[in-house]
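# Descriptive structure summary
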Amino acid sequence: MSKTIIQTDKAPAAIGTYSQAVKAGNTVYLSGQIPLIPETMELVEAFEDQVHQVFKNLSAVCEAAGATLNHISKLNIFMIDLGHFATVNEIMAQYFEQPYPARAAIGVKELPKGAQIEMDAIVTLDED
């Protein structure tokens, strides 16, 4: 099975030795997205704005892979403060339709560039 690298200018450029996403068969593995504005590579400030920006970034990578957020089968959410769990749920409901993806919410000590939230995902594309 061959791998295809997914890349878009509509999401932040990789800030390390990784690709924005890799497609293998009908599965796309999205790298972690933090709340960077793609055009400036600057972090948005408020927590709610960070959540929205991460979903926008994930959406852009999904789109580059021929998918939408609703194609996400598994979503991992990393937060430095799990006290924001309810806020993430409220905002996530604005971006997803039921049935929702499988999900994990994980508390971490620190994230790149001082972000308060990061998400990665696994996308399942429709069969051709």
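Read on for an overview of the structure. It should be emphasised that the depicted structure is a prediction, and the values quoted were computed from it without experimental measurement.

Let us now look at helix α1 (residues 47–64). With 18 residues, α1 extends 26 Å between its outermost C-alpha atoms, agreeing within 8% with the 26 Å of an ideal straight helix rising 1.5 Å per residue. Turning to α1, its buried residues number three or more, namely F47, Q50, V51, Q53, V54, F55, N57, L58, A60, V61 and C62. Next to the buried residues of α1 lie β1 (3–6), β2 (21–24), β3 (27–33), β4 (72–79), α2 (85–95) and β6 (117–124). Residue G66 follows α1 closely and has a positive phi angle near 85°.

So, on to the pairing of β2. Across 4 bridges, the pairing between β1 and β2 is antiparallel. By the bridge assignment for β2, T4 is matched with K23. Strand direction decides the pairing type here: β2 and β3, joined by 4 bridges, are antiparallel. The partner of K23 across the bridge, within β3, is V28.

Take the sheet that holds β1 next. Through backbone hydrogen bonds, the strands of a sheet pair up, either in parallel or in antiparallel fashion. In space, the 6 strands of this open sheet follow the order β1-β2-β3-β6-β4-β5, with mixed pairing throughout. The sheet is open, and its two borders are formed by β1 and β5 (102–107), each paired with just one other strand. For this sheet, the mean inter-axis angle between neighbouring strands, taken without regard to orientation, is 15°. Of the strand pairs in this sheet, β4 and β6 are connected by 7 bridges, and their pairing is antiparallel. By the bridge assignment for β6, I72 is matched with V123. Sitting on the sheet, α1 touches β1, β2, β3, β4 and β6, and the angle it makes with β6 is about 25°.

So, about the environment of I15. Mapped onto the fold, I15 is located in the loop between β1 and β2. Here the alpha-carbon distance between I15 and H71, two residues 56 residues apart in the chain, equals 25 Å. In this structure, I15 is in contact with I34, M41, P112 and K113, ignoring residues within four places of it in sequence.

What counts and how
Residues numbered from 1 in each chain as written. Predicted model: local features only at pLDDT ≥ 70, side-chain atom pairs only at ≥ 80, totals over all residues. Heavy atoms only, no water. Helix = DSSP H or I, 4+ residues; strand = E, 2+ residues; numbered from the N terminus. Expected span 1.5 Å × (residues − 1). Buried < 20%, exposed > 50% of the residue type's maximum accessible area, 1.4 Å probe, protein only. Contact = heavy atoms within 4.5 Å. Pairing = 2+ DSSP bridges. Axes fitted to C-alpha atoms, helices over the stretch in contact; angles between N-to-C directions.

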